[in-house]
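Per-entry structural report
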Amino acid sequence: MKLVFATNNKHKLDEVRKITSHHPVEIVSLAEINCFDDIPETADTLEGNALQKAHYIQKKFGLNCFADDTGLEVEALNNAPGVYSARYAGPGHDSEANMKKLLHEMEGKENRKARFRTVIALVWNGKTYTFEGIVNGTITTAKRGENGFGYDPIFIPEGYDQTFAELGDNIKNQISHRAKAVEKLDEFLTQLSDL
Ligand code: ITT
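This part takes up the site of the ligand. Around the ligand, 19 residues are found, and the nearest of them are Thr-7, Lys-12, Lys-53, Asp-152 and Lys-172. In the environment of the ligand, an oxygen atom lies 2.9 Å from a nitrogen or oxygen atom belonging to the side chain of Asn-9. Take Tyr-151: an N or O atom from its main chain is 3.0 Å from a nitrogen atom of the ligand. Protein coverage of the free-state accessible area of the ligand, which is 620 Å², stands at 90%.

This part is about the pairing of strand E1 (residues 2–5). Looking at chain direction, E1 and strand E2 (residues 26–28) are connected through three bridges and run parallel. Counted as the bridge partner of Leu-3 is Ile-27 from E2. Chirality of the crossover, the property in question, places the unit of E1, helix H1 (residues 10–19) and E2 among those that are right-handed. Pairing between E1 and strand E3 (residues 65–74): two bridges, direction parallel.

With that settled, the discussion passes to helix H3 (residues 95–105). Buried residues of H3: Ala-97, Asn-98, Met-99, Leu-102 and Leu-103, and no others. Its buried side turned inward, H3 meets E3, strand E4 (80–82) and strand E6 (127–139).

Structurally, the position occupied by Ala-67 is in strand E3. For the pair formed by Ala-67 and Lys-113, sequence separation is 46 residues and the distance between their alpha carbons is 27 Å. Those residues in contact with Ala-67 that sit more than four places away from it in its chain are Phe-5, Ala-6, Ala-50, Lys-53, Ala-54, Val-119, Ile-120 and Ala-121.

Take unusual backbone geometry next. Note the cis peptide between Ala-80 and Pro-81, where omega equals -5 degrees. The topology assignment puts Pro-81 in strand E4. The phi dihedral of Asn-34 falls on the positive side, at around 55 degrees, and the residue is not glycine. Positionally, Asn-34 belongs in the loop between E2 and helix H2 (46–61). Looking at Asn-34, the relative accessible area reads 61%, which means it is exposed. Even without glycine at this site, Asn-125 takes up a positive phi of about 45 degrees. With respect to the secondary-structure elements, Asn-125 resides in the loop between strand E5 (113–124) and E6. Judged by relative accessible area, which is 60%, Asn-125 ranks as exposed.

Scoring rules and cut-offs
- Here the residue numbers are simple positions, counted from 1 along each chain's written sequence.
- Given that the model is predicted, a residue must reach a pLDDT of at least 70 before its local features are reported, and side-chain atom pairs must reach 80 or more before they are shown or counted; all residues, however, enter totals for whole chains, interfaces and linings.
- For side-chain calculations, the full set of non-hydrogen atoms in the structure is used, while hydrogens and water are omitted.
- Residues are counted as near a molecule or strand when any one of their heavy atoms sits within 4 Å of it.
- Here a polar contact means two N or O atoms within 3.5 Å. Within protein one must be a hydrogen donor candidate and the other an acceptor candidate, and residues neighboring in sequence count only if both atoms are side-chain atoms.
- In these tables, accessible area is a Shrake-Rupley quantity obtained with a 1.4 Å probe, and a residue counts as shielded only by the protein chains included in the view.
- Any two strands are treated as partners once DSSP identifies two or more bridges connecting them.
- Comment: elements are numbered from the N terminus, with helices defined as DSSP H or I runs of at least four residues and strands as E runs of at least two.
- Seen with its strands pointing away from the viewer, a crossover is right-handed if its path from the first strand over the helix to the second goes clockwise.
- In this scheme, a residue with accessible area under 20% of its type's maximum is buried, one over 50% is exposed, and one in between is partly exposed, where area comes from a 1.4 Å probe on protein chains only.
- For this analysis, residues touch if any pair of their heavy atoms sits within 4.5 Å.

The following block contains the structure:
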């Protein structure tokens, strides 16, 4: 079964391909359908953005597809940056600037609890479905590690003492927010193909 992944983030694409490598679903990138659009994401929830991205591709290409919207929710910051994680330091800023701002906001805070939350929206034969994955953890006081992407160097998942960027892809892809959401998607698709 082929399914388009409506993302412009190559790290997400790599992760989802690794997570699903033993499963029958074949992940098709936007480049493979010749889509190089900057897909709008203007909703104020992860669910809304994931649905917006999946619907955009479904409408333009008429293909079943899914999208992933992810946010880092920090308890001491009232769940910021959350849905605004990509542009926390302002439009056009990169992950380095986002992490720098977050570490600055967290200076002196004792409560370092945070969670990554991914919402996957699937558009399948005209119907939409969402799947959520959460991983709890804590925010470090400085960046650590070279692997992963985005906020990975400053997030330690619960049960570990290294950041996602130190733990590397194999461990991240077993326990991450994205892995949990993708597992739910995969279970759903397996049931469909059993029908
Ligand atoms: P698409 O919308 O094209 O899928 P994006 O990079 O814009 O890609 P998001 O809006 O979901 O994706 O990402 C929000 C931010 O969270 C962005 O800064 C990412 O770098 C970061 N992020 C997403 N997933 C992450 C992960 O698994 N680990 C660390 N940071 C992540």
